[in-house]
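Analysis of the macromolecular model
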Amino acid sequence: MNDTNQASTQPAGGPRVVARNDHPISRANISSNALKVLYRLRDSGFQAFLVGGAVRDLLLDLHPKDFDIATNAHPDQVKQLFRNCRLIGRRFHLAHVRFGYEIIEVATFRAAHTSIDEDNSVDEGGRVLDERGRILRDNLYGTIEEDVWRRDFTANALYYNIEDFSVWDYVGGVEDARNRVLRMIGDPETRYREDPVRMLRAVRFAAKLGFTIHEATATPIPKLAWMLDGVPPARLFDEVNKIFLAGSAQPAFELLERLQLLEHLFPDLASALQEAPPASPARELVRLGLQGTDERVRSEKSVTPTFLFAILMWPAVLRAFAKHGQASDGDPQYLLEACDQVTSRQQQRVAIPKRFTLPLRELVGLQPRFERREGRRALRLLNHPRFRAAYDFLVLRAAAGEADPELAKWWTDIQSASADERIARVESAAPSQGAASDGPRRRRRRRRRRPPAAS
Ligand code: ATP
Ligand code: MG
């Protein structure tokens, strides 16, 4: 790989300093609390920079989620400057300065050889502790020149200097952001090996920002994707939520598949989709479901991991249900068993908390009940606490061509009917007709000769 990647070689001199007039970042778009912290640090004689996602987003004319600050002040010094400050982290200390609901995170520049991970924990090397375990001297903290090299992508490694409102760029991040290129700092393979979650971060930022992953940054990913298997499932749950609930789930999903990461996050989904033909309802359900999630995020409606994971697990649940199929004669009870089976396998990769898997199980269990429109039992379904989510899921299944669209419409219409009208409808409803294709349907009790349900 001989195309000398300027961004990945440490410059001999200082940073490229982009003056205030040559970049669009305006203080008007920086949180006033973050500005307060920056100014106070500066007025106390410290270096203070806005860093990370905030600088990147402001450069791209986006609204930052939060504002992080980096400084040469030590955590104890930061704490002394702000009454509303708490130090967090057991080893490497971060300062959280709280203003009502807003927390400004202030991190001291880190020395080289301390790796950042999700919990901001770092390696323990080279510290001198006293007999009570307090740090007397350490080489955890460093200079801005050291801090920059442990960040992940060039666009995430820009520093906005409160001293003169310039942007310090050691790695070509301004140029990359302008060209919408996501480029790993340093040797990509080494950086992925240090922290495999960076592969997922690459997908997340590329999808969210509409960046292209630079070739050398993308190439090692399929080969190293297996390393995700060693990442704690709880951390993967956090990262998966960030990927899928940030308004770009659909493009992120395509990238995960293309870079062969999907099979390490959702192995059952990946294999169910591989078995399914290209325009199959299973694939459509995922595509439409993620698209719908993105639309909700963009219009600032609530999104829940429950519905998201229902989308991501459904193709595998249906497949497991179909395998049971011959034995179960399509008994909906087996749908729940299939759901439990897929959930417990999924948990080994991505730890989905019970508060999401329990409602997910209910959502799945309600699907066959939609088949039954006749009788007052159908009306009771309307009052079920999970009706809304389960109904939304039925609509999605119908749009994907897996459930009967006419059935979905019936449940749509009945919701706006009056109480009397509802009763009239369930009393005149024809007995269940089954779904459009091979989804779960109510069990036909063929062998028991019973008179048809009264209608
Ligand atoms: P977002 O807008 O999603 O918050 P962000 O870029 O701020 O994006 P964070 O996860 O908040 O991302 O991390 C803040 C900064 O810390 C990043 O911009 C990056 O410089 C650095 N960072 C975070 N996680 C890692 C990691 N795993 N490896 C290297 N650097 C990281
Ligand atoms: Mg951030």
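Keep in mind it's a predicted model, so treat the numbers as computed, not measured.

Before going further, it helps to examine the overall build of the chain. The helix and strand inventory of the chain stands at 21 helices and twelve strands. For the chain, the proportion of contacts with a sequence separation of at least 24, taken over those separated by at least 6, is 70%.

The next subject is the packing of helix α19 (residues 387–399) against helix α20 (residues 405–415). Close contact between α19 and α20 brings their axes to 8 Å; oriented N to C, the two are set at 150 degrees. With respect to α20, the axis of α19 lies roughly antiparallel. Along this stretch, α19 crosses α20, giving a crossing that reads as left-handed. Contacts between α19 and α20 involve Y391, L394, V395 and A398 on the former and, on the latter, P405, L407, A408 and W411. Looking at the contact of α19 with α20 residue by residue, the classes come out as eight nonpolar, no polar and no charged.

The subject of this paragraph is the site of ligand 1. Residues in contact with ligand 1 amount to 13 residues; listed here are only the nearest, G52, G53, R151, D152 and N156. Grouping the constituent residues of the shell around ligand 1 by class yields three nonpolar, three polar and seven charged. In terms of domain composition, the shell around ligand 1 takes at least three residues from each of domain 1 (1–180) and domain 2 (187–261).

Ranked by size, the top nonpolar core spans 119 residues in total, and within it V55, I69, V203, L261 and V317 carry the most contacts. The leading source of residues in this core is helix α15 (residues 305–328), at 13 residues. In this structure V55 touches I25, L50, L158, Y159, Y160 and V167, once residues within four positions along its chain are discounted.

Another point: the sheet that holds strand β1 (residues 16–18). A sheet is described by the order of its strands in space; here eight strands give the open sequence β1-β10-β9-β2-β3-β6-β5-β4, paired in mixed fashion. Each of the sheet's edge strands pairs with one partner strand only, and the pair in question is β1 and β4 (85–88). Looking at each pair of strands side by side, their axes are set apart by 30 degrees on average, direction ignored. Both strand β5 (residues 94–99) and strand β6 (residues 102–108) contribute to a ladder of six bridges, which runs antiparallel. By the bridge assignment for β6, H96 is matched with E105.

Further remarks concern the environment of V106. For V106, the location among the structural elements is in strand β6. Judged by C-beta crowding, with 27 C-beta atoms within 10 Å, V106 ranks as buried. The residues touching V106, leaving out its near neighbours within four places in the chain, are V37, I69, T71, V78, A95 and V97.

Moving on: the packing of helix α14 (residues 281–298) against α19. Two numbers describe how α14 lies on α19: the axes approach to 9 Å, and their chain directions differ by 130 degrees. As judged from the angle between their axes, α14 and α19 are oblique. Every pair of crossing elements has a handedness; the one defined by α14 and α19 is right-handed. Every residue of α19 that contacts α14 at L285, L288, G289 and G292 is listed here: L396, R397 and A399. Across the contact of α14 with α19, the residue classes tally to four nonpolar, two polar and one charged.

What counts and how
- Residues numbered from 1 in each chain as written.
- Chains lettered and ligands numbered in written order.
- Predicted model: local features only at pLDDT ≥ 70, side-chain atom pairs only at ≥ 80, totals over all residues.
- Helix = DSSP H or I, 4+ residues; strand = E, 2+ residues; numbered from the N terminus.
- Contact = placed C-beta atoms within 7 Å.
- Axes fitted to C-alpha atoms, helices over the stretch in contact; angles between N-to-C directions.
- Parallel < 35°, antiparallel > 145°, perpendicular 65-115°, else oblique.
- Left-handed = near helix turned anticlockwise from the far one by under 90°.
- Nonpolar A, V, L, I, M, F, W, Y, C, P; charged D, E, K, R; others polar.
- Near = placed C-beta within 6 Å.
- Domains from an automatic or database assignment.
- Core = buried A, V, L, I, M, F, W, Y, C linked by C-beta atoms within 7 Å.
- Buried ≥ 20, exposed ≤ 12 C-beta atoms within 10 Å, placed from the backbone.
- Pairing = 2+ DSSP bridges.

Shape descriptors only; they carry no functional weight alone.
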